Amino acid sequence: MKTTILQKPASFYDEFTQKGGAQLANTHYCPGCGHGILHKLIAEAVSDFGIQDKTVLISPVGCSVFAYYYFDVGNIQAAHGRAPAVATGYKRSNPESIVISYQGDGDLAAIGANEILQAANRGEQMTVFFVNNAIYGMTGGQMAPTTLIGQKSTTTPRGRTMQNEGYPLRMAEIIATLEAPVYVERVMMTDPKNIARTRKAVRKALKIQMEKKGFSFVEVLSGCPTGLKMTPVNTKNWITDVLSKYFEPGVKKDESEDREPIITLHPDPHFEEYHELLDIRSLSDKVKGVKLSAVKEMVDEIKIAGFGGQGVLSLGYALANIAMGHNYKVSWLPSYGPEMRGGTANCSVKISDKRISSPMIDNPTVLVAMNKPSLQKFVDDVQPGGVILYDSGLIDEAPKRNDVTVIGIPATAEADKLGSTKAANMVMLGAYAKIRGYLSNDYVKQALPLIIKNKSFHKLNEDAFKRGMELVKNS
Amino acid sequence: MAIINRVLIHVDDCKGCGLCIDACPVNVLDFSDGLNSMGYRPAHYIGEGCTGCGTCFYTCPEPRAITVVRNVEGLAKDHCPHCNATVKVFPGNRDESKTFCVECLKPVNK
């Protein structure tokens, strides 16, 4: 007889170093927790099918939030209930990947009930493992949508009643009524026979995705000895004797034999067409006959702040677009209150020759402050050696920093003279362009009307931009 | 010759939930007398009678607590520095050049 070894599947890490602490070989789960059993079955299948390098596991909120400690595959941790939405995005942009949404009953059947229904109804090509233990385990045993009638929990101390909390949701049956899903089964992790069935269901659900047939859903009745306040063995018996009477195991839907593989074309062949339709072609396609200088090595982090209505966001947006037209990598991140005018607004613009990893700016290299509160808010954040541009017409007190270049531009007053205070932002844009010197004036002249399309502003913005450049020269 | 199978229990990974003991169809697993380093009472193999069915492996929620070897005779031998003896060793499945002692489960490679 051949020697065979059943051991920790290769799709688990050798040591769970992300978990930390002294015990790096075992999980953070309680003794007898069902998650561990299901993790092992999934890891084994991923290894056996040779899909470890293209599998992405989306972990939920709940005890299995830390699934990424254990699985040596791609991992994403999603917000509560949103794993199917994240899985949708990942799978659509990476159609060759194998995407697993791993969710508990609080996550999938309560806060994420809509996400799962919509994803299932769209027939997203993903595999969902739904761990149903009839309770909110992580938070200490509150009632879940799957808690049985009469079952006591910390939030139903006299037992769940139909009048108060309604009936437990049978998610597998609900999903099975939809047209799109290919395979829906409920299994339970109790005795060896049923664990073997669970193993088979896990493998089948993954196979369906590997064959590109569509959405598969496996509900797993699982024990939470801590939340249910029973020993692990009693929990297992309770699942068999009580839980599985309401949540009956079995295949709820299986069309895996009849379905043809769905081939997703990626990228979408109509991609260019959408750009036309939405008029989101880049400026470079529209601005003609401007010779641009070579991209230089730099990272400029610009914080533009003022009150709503001053054109703070438009200024950032225009700057980011113009810099992008000059072949720089850019990001633009607005931040504003719910009101359209008044209130405070700011935006962060990053401009770099290299790819930008985060649009956030903590310490700007350039601060454009359009009013006093904005200057006070950000003045201390500017990097030493940076630049502060402030509206010296509106702000009576110059910023007190010796380690930065401080330039006062009476932007609002100058814009007023040109015809409208609304062009104050373009005066600031001109000042910025003059200080940094890498933007082509001809390019800006052509680009501004394409960015700010309102015709009545075309001439004004051009003049304001020029004025801003002159003001720096004079100051 | 009878086939010898072995359940290997990583004592410090076991949380003493007892699911393997309950599931074993031939009742060759039991709780230990002592406690492990975490303070749990781990499962242990009584020493004979394992059929190598793997039931305990699949009921165990811990990734590494249980390893089942079917036909121990087929394993290679090596010197285990921890046991200071020549023992049977089994290869890991992430890196087959790494082998582990059947007696103490620790890696035997230098």
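For the structure itself, consult the block above.
Attention here is on the structure that accompanies the text. Every value quoted in this text rests on a predicted model; they were computed, and no experiment measured them.

Another aspect to go through is empty space enclosed by the protein. Over the atoms, a rolled probe matching the size of one water molecule traces out where space is still vacant. Using the criterion set out here, one finds four cavities of 30 Å³ or more in the structure. The volume enclosed by the largest cavity comes to roughly 130 Å³. Lining the largest cavity are 19 residues, with B:Cys14, B:Lys15, B:Cys17, B:Cys60 and B:Pro61 positioned closest to its centre. Grouping the constituent residues of the lining of the largest cavity by class yields 13 nonpolar, three polar and three charged. If you add up the space inside the second largest cavity, you get close to 100 Å³. Lining the second largest cavity are 16 residues, with A:Gly32, A:Ile37, A:Met189, A:Lys236 and B:Leu19 positioned closest to its centre. Mapped by element, the contributors of at least two residues to the lining of the second largest cavity are helix H1 (34-48) and helix H9 (232-246) of chain A together with helix H1 (19-23) of chain B. With four residues, the top contributor of residues to the lining of the second largest cavity is H9(A). The class makeup of the residues in the lining of the second largest cavity is eight nonpolar, seven polar and one charged.

Turning our eyes to something else, we now look at a nonpolar patch on the surface. Residues and elements named next belong to chain A. Taken together, the side chains of Phe-271, Tyr-274, Leu-277, Leu-278 and Ile-280 define a hydrophobic patch exposed on the protein surface, amounting to about 550 Å² of accessible area. Locating Phe-271 in the fold gives a position in helix H10 (residues 271-278). Owing to a relative accessible area of 45%, Phe-271 belongs among the partly exposed residues under this scheme.

Time to look at helix H15 (residues 441-451) of chain A. All names here are of chain A. Listing the buried residues of H15 in full gives Tyr-443, Val-444, Ala-447, Leu-448 and Ile-451. Buried residues of H15, seen end-on, are gathered within an arc of 125° and therefore sit on one face of the element. Where H15 starts, the residue carrying a side-chain oxygen 3.3 Å from the main-chain nitrogen of Asp-442 turns out to be Ser-440.

Another aspect to go through is unusual backbone geometry. A negative phi angle is the norm for most residues apart from glycine, just as the trans form is the norm for most peptide bonds. All names here are of chain A. One non-glycine residue, Ala-134, lies in positive phi territory at about 65°. As for its position among the elements, Ala-134 is in the loop between strand E5 (127-132) and helix H5 (162-165). Here Lys-212, not a glycine, exhibits a phi torsion of approximately 60°, which is positive. Position of Lys-212 relative to the elements: it lies in the loop between helix H7 (192-210) and strand E7 (216-221).

Moving on: the interface of chain B and chain A. Counting residues at the interface gives 36 residues for chain B and 37 residues for chain A. Considering only the surface of chain B that becomes buried against chain A, B:Tyr58, B:Pro63 and B:Arg94 emerge as the three largest contributors, covering 25% of it. In this assembly, chain B and chain A are joined by three salt bridges. Taken together, the links from chain B to chain A amount to 20 residue pairs in polar contact (both at pLDDT 80 or more). Within the residue set of the side of chain B that touches chain A, elements represented by two or more residues are H1, helix H2 (55-59), strand E4 (66-70) and strand E6 (85-91) of chain B. Broken down by class, the residue content of the side of chain B that touches chain A amounts to 17 nonpolar, 11 polar and eight charged.

Quick notes on the rules
- Residues numbered from 1 in each chain as written.
- Chains lettered and ligands numbered in written order.
- Predicted model: local features only at pLDDT ≥ 70, side-chain atom pairs only at ≥ 80, totals over all residues.
- Heavy atoms only, no water.
- 1 Å grid on protein atoms, 1.4 Å probe; cavity = no way out; pocket = protein on both sides within 12 Å on 5 of 7 lines; lining within 4 Å.
- Points joined across faces, edges and corners; volume = space filled by probe spheres on them.
- Nonpolar A, V, L, I, M, F, W, Y, C, P; charged D, E, K, R; others polar.
- Helix = DSSP H or I, 4+ residues; strand = E, 2+ residues; numbered from the N terminus.
- Patch = residues over 30% accessible without salt bridge, like charges linked within 9 Å, V, L, I, M, F, W, Y side chains within 5 Å.
- Areas by Shrake-Rupley, 256 points an atom, 1.4 Å probe, with all protein chains shown as cover.
- Salt bridge = Lys/Arg side-chain N within 4 Å of Asp/Glu carboxyl O.
- Buried < 20%, exposed > 50% of the residue type's maximum accessible area, 1.4 Å probe, protein only.
- Arc of directions from axis to C-beta.
- Polar contact = N/O pair within 3.5 Å; in protein donor to acceptor, adjacent residues only side chain to side chain.
- Contact = heavy atoms within 4.5 Å.
- Buried area = accessible area lost by both parts, 1.4 Å probe.

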